[in-house]
Amino acid sequence: MRQGAVGHVRLMEHRGRTLVEKRMTDASRHDTEVLALRALAETDLPVPELVEVRPGSILMTLMAGERLDSDSADARLDGLRASAVLLRRLHELPPPVGLPGAPDDADIIRRYRDAGGPPLPLALPLAGDQVFCHGDWTDGNLLAVDGTITAVLDWEAAHLGDPLRELSRAAWGASRKDPRSVDALVKGYGADPSLVRAWFPIHAAELWLWFAEAGPPAYLEQLTTELRDWPEA
């Protein structure tokens, strides 16, 4: 279904309402999503409302809209640009106490090099203030209606992190589908493109490691080919 990860989310009737049930086997990710949604309940960000929290599952409201990754290329770009405004708004909110910390980028670099990934210009950018981050800001986690973002979903990876790192992750990931995505997100957010691009090799290494350790071999092969053609600075 459109609201959430395939195989872990379903519609269900509960006390006369059609709701979404999201099941998670990882207790820490379950608790993180609950913590984030509770913190966002009184804000103007479009997120599901928690209805009932159970061990291993969450009942939440069904949000209107279609996934942004199912829209046309130009409509997707418009949606990404609009979503960047919401991302900046998220980064300005006070984070709830208890959010997990950011990924360890130094460890990502070390593991990537140890695993023999394709050469990348890996260096740690200067990190900024730690803010409320979503953790997986992608077109698959955004719903839209007529160009308006109606929901930001899947908060299980929320954490305290660098805002430009999060924007950069969203931009680099989206650019693999359409290079214009970088400009749409960076301009929508109002960031310095050079500072955003400085994080790109980190995200490439992180995704390569994920495919190497858990992803489909065909995806690893495709990404490896892409990274071998990484442009020189």
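Residues numbered from 1 in each chain as written. Predicted model: local features only at pLDDT ≥ 70, side-chain atom pairs only at ≥ 80, totals over all residues. Heavy atoms only, no water.

**Side note on the side chain of Asn141**
Structurally, the position occupied by Asn141 is in the loop between strand S6 (131-133) and strand S7 (142-145). Those residues in contact with Asn141 that lie beyond four places of it in its chain are His134, Asp136, Ala151, Val152, Leu153 and Asp154. (Helix = DSSP H or I, 4+ residues; strand = E, 2+ residues; numbered from the N terminus. Contact = heavy atoms within 4.5 Å.)

**Thoughts on the pattern of salt bridges**
Under the criterion given, the structure shown has 24 salt bridges. The partner of Glu33 in a salt bridge is Lys22, and the shortest N-O contact between them spans 2.7 Å. Placement of the pair is Glu33 in helix H1 (residues 27-40) and Lys22 in strand S2 (residues 17-23), with a sequence separation of 11 residues. Residue Glu33 shares its accessibility class with Lys22, and that shared class is buried. The residue Arg81 makes a salt bridge to Asp78 at a minimum N-O spacing of 3.0 Å. Here Arg81 and its partner Asp78 are both found in helix H2 (residues 73-92), 3 residues apart, which amounts to about one turn of the helix. Salt bridges linked by common partners bring Lys22, Arg29, Glu33, Asp154 and Glu156 together as one network. (Salt bridge = Lys/Arg side-chain N within 4 Å of Asp/Glu carboxyl O. Buried < 20%, exposed > 50% of the residue type's maximum accessible area, 1.4 Å probe, protein only.)

**Observations regarding the environment of Thr224**
Structurally, Thr224 is set in helix H8 (residues 217-228). Considered as a pair, Thr224 and Pro118 are 106 residues apart in the sequence and their alpha carbons are 6.6 Å apart. Aside from chain neighbours lying at most four places away, what touches Thr224 is Pro118 and Trp208. Side-chain polar atoms of Thr224 contact the backbone oxygen of Leu220, separated by 2.7 Å. (Polar contact = N/O pair within 3.5 Å; in protein donor to acceptor, adjacent residues only side chain to side chain.)

**Brief notes about helix H3 (residues 105-114)**
Because an α-helix completes one turn every 3.6 residues, residues spaced three or four positions apart along the sequence face the same direction. Among the residues making up H3, those that are buried are Asp105, Ile108, Ile109 and Tyr112. Seen along its axis, H3 keeps its buried residues to an arc of 95°; they face one direction. Those residues of H3 that are buried lie in contact with helix H4 (163-175), helix H7 (200-213) and H8. At the N-terminal end of H3, a side-chain oxygen is found 3.2 Å from the backbone nitrogen of Ala106, two or three residues along, and the residue is Asp104. Where H3 terminates, the next one or two residues include Gly116, which has phi positive at roughly 75°. (Arc of directions from axis to C-beta.)

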